[in-house]
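One-letter residues, chain by chain:
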Amino acid sequence: MSVFLPTRENLERVAHEIAQGELAVLPTETVYGLAADALNYAAVAKIFELKGRPADNPLIVHVSSVEQIEDFADSVPDVVRSLAAAFMPGPLTVVLPKRSSVLDIVTGGLDTVAIRIPDHPACLAVIELSERALAMPSANPFMGLSPTKIDMLDRSIADSVCSIIDGGACTVGIESTVLDLTGEPTILRLGSVTREEIERVLSHKIGEGGTAHKAPGMYRRHYAPRTKCLATTAIDPATAGLVFDEPTNANQIRMSSDPKVYAQQLYASLADLDSQGHDEIFVVLPPLTAPWMAIWDRISKATATA
Ligand code: TXA
Ligand code: MG
């Protein structure tokens, strides 16, 4: 496992490796990603192999500027510019009609492409220094918890990449919001950019939940620890879990009542409990209000049975 700090020298070396077709684990503001040159078929194929990810589950292309979106999207509607002004760089992914040059392996054969500008200086530096765009899913094995710090990385993924850049703990902590702009704007995946924030920029209401066709790779169970996870409104004082009140045993983790801080802590806290060998992990449900919707989504995916 080759872990490096994001010094200029290290970022230049990783950028060179990416341009040569190697893979790297890079920090973003949301979660750590498993990155490859988006235009290199063999490198992208290795992403699918390392993650054990089905071929019909498309990848997000990460770019460093709004102009670079045009290299991948066939048409960039004006609304992207308004959204970019508000949220880019940041945790918003937009789905647009793809250019014919975009590899089918990246889009899972769809005629659309998902694109985002990550808000992390190390990741942006690798994109710029490599003069590439990065195909980059979360750096976890298929269905697992996305890593939000280096020590959560899966060993075999960590050992298979050329370099890992340690950018510390991810500030957002859950994956980006995925917004389909190929028709009426539709949220395909909830994330830290909320529906209300997007509606304010678009000045109208938007839909949620794509069809299976529009949102491949959205599974009922996902983002889950290996240990069985259960959602609860009242936790048994003796069990392990994520709580809001004072923990009643050493296997309970007290979570923030601020949804932004909760999101930062969620995957690392689940991973901590997961490593302790409990039979079950209970998650006390947060309030059912707008700022918590993405967290509700991740909790429901961690606690789904199939
Ligand atoms: O925050 C993030 O988005 C992280 C960091 C690393 O950038 N990346 C991430 O990628 O979560 P991944 O591959 O774990 O999830 C991307 C999801 C896919 O599951 C898929 O459902 C959706 O984005 N997606 C990608 N391309 C799409 C497309 N053309 N149409 C619809 N959905 C798409
Ligand atoms: Mg993922």
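Reading the values: rules and limits
Residues numbered from 1 in each chain as written. Chains lettered and ligands numbered in written order. Predicted model: local features only at pLDDT ≥ 70, side-chain atom pairs only at ≥ 80, totals over all residues. Heavy atoms only, no water. Helix = DSSP H or I, 4+ residues; strand = E, 2+ residues; numbered from the N terminus. Rg over C-alpha atoms; globule rule 2.2 N^0.38 Å. Buried < 20%, exposed > 50% of the residue type's maximum accessible area, 1.4 Å probe, protein only. Contact = heavy atoms within 4.5 Å. Areas by Shrake-Rupley, 256 points an atom, 1.4 Å probe, with all protein chains shown as cover. Salt bridge = Lys/Arg side-chain N within 4 Å of Asp/Glu carboxyl O. Pairing = 2+ DSSP bridges. Arc of directions from axis to C-beta. Domains from an automatic or database assignment. Buried area = accessible area lost by both parts, 1.4 Å probe. Axes fitted to C-alpha atoms, helices over the stretch in contact; angles between N-to-C directions. Polar contact = N/O pair within 3.5 Å; in protein donor to acceptor, adjacent residues only side chain to side chain. Parallel < 35°, antiparallel > 145°, perpendicular 65-115°, else oblique. Left-handed = near helix turned anticlockwise from the far one by under 90°.

### Considering the overall build of the protein
Okay, so step 1: Scanning the protein from terminus to terminus reveals 10 helices and 15 strands.
Okay, so step 2: Its C-alpha atoms give the protein a radius of gyration of 19 Å, near enough to 19 Å, the size a compact globule of 306 residues would have.
Okay, so step 3: Reported as C-alpha extents along the three principal axes, the dimensions of the protein are approximately 55 × 45 × 30 Å.
Okay, so step 4: Within the span of the protein, comprising 306 residues, buried residues form 55% of the whole.
Okay, so step 5: When contacts within the protein are restricted to residue pairs at least 6 apart in sequence, long-range pairs at least 24 apart make up 67% of them.
Okay, so step 6: Counting every atom, the protein has about 12900 Å² of accessible surface; 51% of that belongs to carbon and sulfur.

### Some details on the pattern of salt bridges
Okay, so step 1: Under the counting rule described, the total for this entry stands at 15 salt bridges.
Okay, so step 2: Between Lys205 and Glu199 there is a salt bridge, with the nearest N and O atoms lying 3.8 Å from each other.
Okay, so step 3: Judged by relative accessible area, Glu199 falls into the buried class, the value being 11%.
Okay, so step 4: The partner of Arg254 in a salt bridge is Glu246, with the nearest N and O atoms 3.0 Å apart.

### Thoughts on the pairing of strand S3 (residues 33–37)
Okay, so step 1: Buried residues dominate S3, accounting for five of its five residues.
Okay, so step 2: Here three bridges tie strand S2 (residues 24–26) to S3, and the two strands are oriented antiparallel to one another. Bridge pairing in S3 places Ala24 opposite Ala35.
Okay, so step 3: Linking S2 to S3, which pair antiparallel, is a turn of six residues.
Okay, so step 4: The pairing of S3 with strand S7 (residues 134–135) spans two bridges and is classified as antiparallel. Residue Ala36 lies in a different strand from S7, and its bridge partner there is Ala135.

### Description of helix H4 (residues 78–87)
Okay, so step 1: Taken residue by residue, H4 has Val80, Leu83, Ala84 and Phe87 as its buried positions. Around the axis of H4, the buried residues are gathered within 105° of arc, so they sit on the same side. H4 presents Asp78 and Ala85 as exposed residues on the side facing more than 90 degrees away from its buried surface.
Okay, so step 2: Where H4 is buried, its residues touch helix H3 (66–69), strand S5 (92–97), strand S9 (177–180) and helix H8 (195–202).

### Observations concerning the domain arrangement of the protein
Okay, so step 1: Once the domains are mapped, the protein shows domain 1 (3–208) and domain 2 (228–303).
Okay, so step 2: The C-alpha-based centres of domain 1 and domain 2 are spaced at 26 Å.
Okay, so step 3: Listed per partner, the contact involves 18 residues of domain 1 and 12 residues of domain 2.
Okay, so step 4: Both sides of the domain 1 and domain 2 interface together cover about 1300 Å² of buried area, and 62% of this is carbon and sulfur.

### Side note on the sheet that holds strand S15 (residues 280–284)
Okay, so step 1: The four strands lie next to each other as S12-S15-S13-S14, forming an open sheet whose pairing is parallel. Two strands bound the open sheet, and with one partner strand each, they are strand S12 (228–232) and strand S14 (252–254). Put simply, the sheet's adjacent strands are angled 25° from each other on average, direction ignored.
Okay, so step 2: Sheet topology note: the S12/S15 ladder contains five bridges and is parallel. From the neighbouring strand, Lys228 faces S15, where its bridge partner is Glu280.
Okay, so step 3: Helix H10 (residues 293–303) rests against S12 and S15 of the sheet, and its axis sits at about 135° to S12.

### Section: helix H2 (residues 41–51)
What sets the pattern is the α-helix's 3.6 residues per turn: residues three or four places apart point alike.
Okay, so step 1: Taken as a whole, H2 has its buried residues at Ala43, Val44, Ile47, Phe48, Leu50 and Lys51.
Okay, so step 2: Its buried side turned inward, H2 meets S3, helix H5 (104–107), S7 and helix H7 (155–160).
Okay, so step 3: Structurally, the start of H2 carries an N-cap: the backbone nitrogen of Ala42 is 3.1 Å from a side-chain oxygen of Asn40.
Okay, so step 4: Gly52, located one to two residues past H2, shows a positive phi value of around 65°.

### Considering the packing of helix H9 (residues 259–274) against H10
Each packed pair of helices is defined by two parameters, the angle between the axes and the distance between the axes.
Okay, so step 1: Two numbers describe how H9 lies on H10: the axes approach to 11 Å, and their chain directions differ by 20°. Comparing the axis directions of H9 and H10 gives the class roughly parallel. The crossing of H9 and H10 is left-handed. From H9, Pro259, Tyr262, Ala263, Leu266, Tyr267 and Leu270 reach across to H10, where they touch Ile295, Arg298, Ile299 and Ala302.

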